[in-house]
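# Observations on the three-dimensional arrangement
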Amino acid sequence: MNLKSFQAVGAICVTALAFGLISTATATAEPTTSNRPLAAVGSDTIQDVWNALSNTGPIKSVASYNAFGDAATIVTKTGVTPITRPNGSGAGVKALSASLNPLNHVYKDSANNSFTLKKNDVDIARSSSSPSVTGTDLTFLPFARDAVTVAVKDAANRPLSLTTQQVANIFSCTAGDGVTIDGTTGKPVFGTMTFTPKLPQAASGTRAFFLKAIGVTPNTTCISDAEQVYPENNGEALVNDGDIFPFSAAQWIAQKNGAMTDTTTAGQLLADIDGLKAIDQNTAAPALAPGDLYGDPAVAPASGKGIFARDTYNVVSSGVQTSKLTYNVVLNNAVSTSLKTTAGKSIITKFGFKTLSYVGDWTMGKKSGYTN
């Protein structure tokens, strides 16, 4: 993409925003137009809100590719080598790293297939978890507030309230705090329900965040490998009574409100954790709203066990912050300026997130090294 193309894209986005020509229609699964200057990959959790922002919203400069899709590979820009779809936050950051890392341009997918990327083949990684390594090459810019709880299959639709420790005991098959272990199956039991804990696939940011929030390292004695492969925030993981699975509250709200495809079915519900609710109990679909589990969106949440509120992030090269090159100005607008607009905030809210007072704020960004 040449310099004039970048300038044209920026002008189109600004003009559309200024004259109110931005729609907030339901998100499309993949980029609706080709040859955009910027490409985003990674997290399932924020892929749908990014589809809306980039296809019908104020950020037409970005082609945002889903973590999972009908096509196993994607071509992020015209002339770029196809790569396996980065299927989650961790994979997205690895693909971005491979695009930018001058010492190693190789991206390896979950099957260990290798792809050699060039600079700017990928420009943005969507992430629902914080950095996993030290360094300063990348910056995780705050995007939107989410909360993570657990979704449960219960045909009787009985309300479920758990403490952090009870959730931890269920996902580690450990007795204590009211959780017992069935002597025959080895499964955790709480009240009258026998649970089958399940987890998203390994590259999932929601998985990484959730396990940190409950202080558990999964083991295959409790959760078999076959039960650790699901796409995140997908109700299809909940088949039988007692199935329990971490779930983004924002994704649940967006699905129930009709902003995106609803993967949930009757007999699936979200649990309260430590007395906090993921959804405002005074609201109902199609106007569900975030509950107190999200915390205060004006204050960055703490991190660690017992913290289920989380910021999500857009990850870019740290050099973008001060660069005056047209490419970097367009990129900075996409992950910062445009998200602060009324149109941007409206779409973020529509998809079940709380808007941050510090969205796209570089001073609140978290630094990371390359991860590929």
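Structure's up top.
In what follows, the accompanying structure is described. Each chain has its residues counted from 1, following the order in which its sequence is written. Local features in a predicted model are, by the rule used here, given only for residues with pLDDT of at least 70; side-chain atom pairs are given and counted only at 80 or more, and totals for whole chains, interfaces and linings are based on all residues. Excluded from the side-chain calculation are hydrogens and water; included are all heavy atoms of the structure.

Attention now moves to the nonpolar core. By nonpolar core we mean a set of buried residues, namely Ala, Val, Leu, Ile, Met, Phe, Trp, Tyr and Cys, connected to one another through side-chain atoms within 4.5 Å. Think of it in three bands: residues with accessible area under 20% of the maximum for their type are buried, residues over 50% are exposed, and the middle band is partly exposed, with areas taken using a 1.4 Å probe on protein chains only. Counting residues in hydrophobic clusters, the biggest one holds 75 residues, and the most contacted among them are V49, F143, F171, F210, I214 and F351. Counting residues per element, this core draws most heavily on strand 8 (residues 138–153), at eight residues. Residues V93, L117, A125 and L138 belong to the second largest nonpolar core, which totals 22 residues. Helix numbering and strand numbering both begin at the N terminus, where a helix is a DSSP run of H or I of at least 4 residues and a strand a DSSP run of E of at least 2.

How two aromatic rings sit relative to each other is given by the distance of their centres and the angle of their planes. Here a pair means two rings of Phe, Tyr or Trp (six-membered ring of Trp) with centres within 6.5 Å. Their orientation is stacked below 30 degrees between planes, edge-to-face above 60, and tilted elsewhere. Taken as a whole and assessed by the stated rule, the structure comprises six aromatic pairs. Between the aromatic rings of F171 and F210, the centroid separation amounts to 4.9 Å while the plane-to-plane angle is 75°, which identifies the pairing as edge-to-face. With a gap of 39 residues between them, F171 in helix 4 (residues 164–172) and F210 in helix 5 (residues 205–214) connect regions that are remote in the sequence. As far as burial versus exposure is concerned, F171 and F210 are alike and both buried. When the ring of F247 is compared with that of W252, the centres are 5.2 Å apart and the planes differ by 85°; the resulting orientation is edge-to-face. An identical accessibility class is assigned to F247 and W252; each is buried. Taking NZ or CZ as reference, R310 lies 5.5 Å from the ring centre of F209, over its face. Note on geometry: a ring has a charge over it if NZ (lysine) or CZ (arginine) is within 6 Å of the ring centre and within 35 degrees of the ring normal.

Let us now look at the state of the cysteines. In this description, the term disulfide denotes a pair of cysteine sulfurs within 2.5 Å. Considering all chains together, one arrives at one disulfide under this definition. Two residues share a disulfide in this structure: C173 and C222, whose sulfurs sit 2.0 Å from each other. Measuring handedness by torsion sign, the sulfur bridge of C173 and C222 sits at about 75° and is right-handed. Placement of the pair is C173 in the loop between helix 4 and strand 10 (179–181) and C222 in the loop between helix 5 and strand 14 (243–248), with a sequence separation of 49 residues.

Here we take up the packing of helix 4 against helix 5. The geometry of a pair of packed helices is captured by two quantities: the angle between their axes and the separation between those axes. Throughout, an axis means a line fitted to C-alpha atoms (over the contacting stretch in the case of helices), and angles, computed between N-to-C directions, take values from 0 to 180 degrees. Closest axis-to-axis distance for the helix 4/helix 5 pair is 9 Å, and the angle between their directions is 115°. Contacts between helix 4 and helix 5 involve T164, V167, A168 and F171 on the former and, on the latter, F210, A213 and I214. Each residue receives one of three labels: charged for Asp, Glu, Lys and Arg, nonpolar for Ala, Val, Leu, Ile, Met, Phe, Trp, Tyr, Cys and Pro, and polar for the others, Gly being one of them. When its residues are assigned to classes, the contact of helix 4 with helix 5 shows six nonpolar, one polar and no charged. Residues count as neighbours in contact if any of their non-hydrogen atoms are within 4.5 Å of one another.

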